[in-house]
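Results of the structural survey
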Amino acid sequence: MSTSASPQPSSTAPALGVWLIGARGSVATTVVAGAAAVAAGLHPATGMVTETPPFAECDLAPLGSLVFGGHDTVGCPLPKRAEQLAAGGVLPYGLPAAVAAELAAADGEIRPGGPLPGDTRSDEELISAFAADLTDFVRRRGLAAAVVVNVASTEALPAGLSAEGSAHDAGEDARLPASSLYAAAALRAGCSYVNFTPSTGMHHPALTVEAAASGLTWAGRDGKTGQTLLRSVLAPMFLQRALDVRAWSGANLLGGGDGAALADPAAAAAKNAGKERVLADVFGTAPQGEVHIDDVPALGDWKTAWDHIAFDGFLGSRMVLQTIWQGCDSALAAPLVLDLVRLVARAGEVGLVGPRPELGFYFKDPDGTTASLGEQFTELLALAEQLRAAR
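Calculation rules
- Residues numbered from 1 in each chain as written.
- Predicted model: local features only at pLDDT ≥ 70, side-chain atom pairs only at ≥ 80, totals over all residues.
- Heavy atoms only, no water.
- Salt bridge = Lys/Arg side-chain N within 4 Å of Asp/Glu carboxyl O.
- Helix = DSSP H or I, 4+ residues; strand = E, 2+ residues; numbered from the N terminus.
- Buried < 20%, exposed > 50% of the residue type's maximum accessible area, 1.4 Å probe, protein only.
- Pairing = 2+ DSSP bridges.
- Contact = heavy atoms within 4.5 Å.
- Axes fitted to C-alpha atoms, helices over the stretch in contact; angles between N-to-C directions.
- Parallel < 35°, antiparallel > 145°, perpendicular 65-115°, else oblique.
- Nonpolar A, V, L, I, M, F, W, Y, C, P; charged D, E, K, R; others polar.
- Polar contact = N/O pair within 3.5 Å; in protein donor to acceptor, adjacent residues only side chain to side chain.

A look at the pattern of salt bridges
Per the stated rule, a full pass over the model turns up 23 salt bridges. Among the ionic pairs, Glu 109 bridges to Arg 111, the shortest N-O distance being 3.6 Å. Among the ionic pairs, Arg 139 bridges to Asp 136, the shortest N-O distance being 2.6 Å. Remark: Asp 136 and Arg 139 occur in helix H5 (residues 123-140); sequence separation between them is three residues, near one turn of the helix. Residue Arg 139 is classed as exposed on the basis of its relative accessible area of 59%. Relative accessible area serves as the criterion here: at 25%, Asp 136 is assigned to the partly exposed category.

The structure is reproduced here in structure tokens:
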């Protein structure tokens, strides 16, 4: 493991930048620490689909070639945040010390985000500032390219905008949400983009024309890490076995930054929209029932998701399936983020631009694809074949 203050990426592959929005959060910290640990052989690449045999000859960027930076509005340094995550059992004991140089180097590339309360800059000024940070990062570090990944806290759906990104009764002077400011900055800086959150991001109508003309690759939205992952497997099972689902209710207990952010009903509504849309997409209409999110600060970065499924069998037999998913969201999300960075970057290299429906496997609310995980995985494997063929 490197002991220098600014470890250099692998010299055998062009360096690829990874610009994280929410760069000092739990997911981002786990991404940086995890990439360093796997690249150094300290831990296996558990959870990384791109490290499985179908992707072995796709010319994806090696983990050691990734250079991290980002935007955030908080000041806790990444090494300190990693120590906190290790104390909470999210990161292995001793890992923050083992990858301290890599964490410090990434932290040195984090720039102030926004807008913070009292920030008087216009949308255009904010976009220009964020884009300048990106272009400086790419130029100064000599990067072949960079991928912007939104892993920030969920924001409320902007007034006048539907969950699908269509406008209705929005005022002409409405400001762009923060996630869309960062997406616009990625477009301006010529960077591919991944929205791992339910926030608006690239789906804002104000960005539609520019995104379509950009020749860039993007993917989203809302990473599928737990409850919705399970729903995307179970819902097709009920449909394929001709079992009538009468009701499907769910609850989530979570703490940490996500729990605090989702305590806001508007942010929770944006998050739940993707969870419920999976069922509607599979069944054609959503069953009775809702998803509820409760902030339980004592849980920290751990979450529990519970589903209650009422369904009818042969001759009207009433049956119930209940599931409980307990996991660490950061550890579930980080390998997916690394997968997406590598896949989006490589897709852009071979000319696969625009929204990539083949990456729907990773998202609750993907662009133009089926909601069934099995069918999504087939599409992902087809993408791997395209990437291999482009070598």
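Comments concerning the sheet that holds strand E5 (residues 192-195)
Spatial ordering of the open sheet is given by E3-E2-E1-E4-E5-E6-E11, a layout of seven strands whose pairing is parallel. Each of the sheet's edge strands pairs with one partner strand only, and the pair in question is strand E3 (110-112) and strand E11 (354-355). As defined by bridge partners, strand E4 (residues 145-150) adjoins E5 across four bridges and the pair is classed as parallel. Paired with Val 149 across the two strands is Val 194, which belongs to E5. Sheet strands touched by helix H6 (residues 178-189): strand E1 (16-21), strand E2 (66-72), E4 and E5. Its angle to E5, the strand with the most contacts, is close to 160°.

Observations concerning unusual backbone geometry
Residues Gly 114 and Pro 115 are joined by a peptide bond in cis, for which omega reads 0°. Position of Pro 115 among the secondary structure elements: in the loop between E3 and H5. Cis geometry is adopted by the peptide bond preceding Arg 221, which originates at Gly 220 and carries an omega value of 0°. Take Arg 221: it is sitting in the loop between strand E6 (217-220) and helix H8 (227-240). The backbone of Asp 222 shows a phi angle near 70°, a positive value even though the residue is not glycine. Backbone geometry at Leu 315 places phi at a positive 60°, although glycine is not the residue there.

Remarks on the packing of helix H2 (residues 78-87) against helix H4 (residues 100-107)
Orientation of H2 relative to H4, taken along the N-to-C sense of each, is 130°, at an axis distance of 8 Å. Here H2 is positioned oblique relative to H4, judged by the angle of their axes. In contact with Leu 78, Pro 79 and Ala 82 of H2, H4 contributes Leu 103, Ala 104, Ala 106 and Asp 107. Each residue belonging to the contact of H2 with H4 can be placed in one class, and the counts come to six nonpolar, no polar and one charged.

As for the side chain of Asp 365
Looking at the secondary structure, you find Asp 365 in the loop between E11 and helix H12 (373-389). In this structure the side chain of Asp 365 is engaged in a polar contact, spanning 2.9 Å, whose partner is the side chain of Arg 277.

Nothing here speaks to function; it is all geometry.
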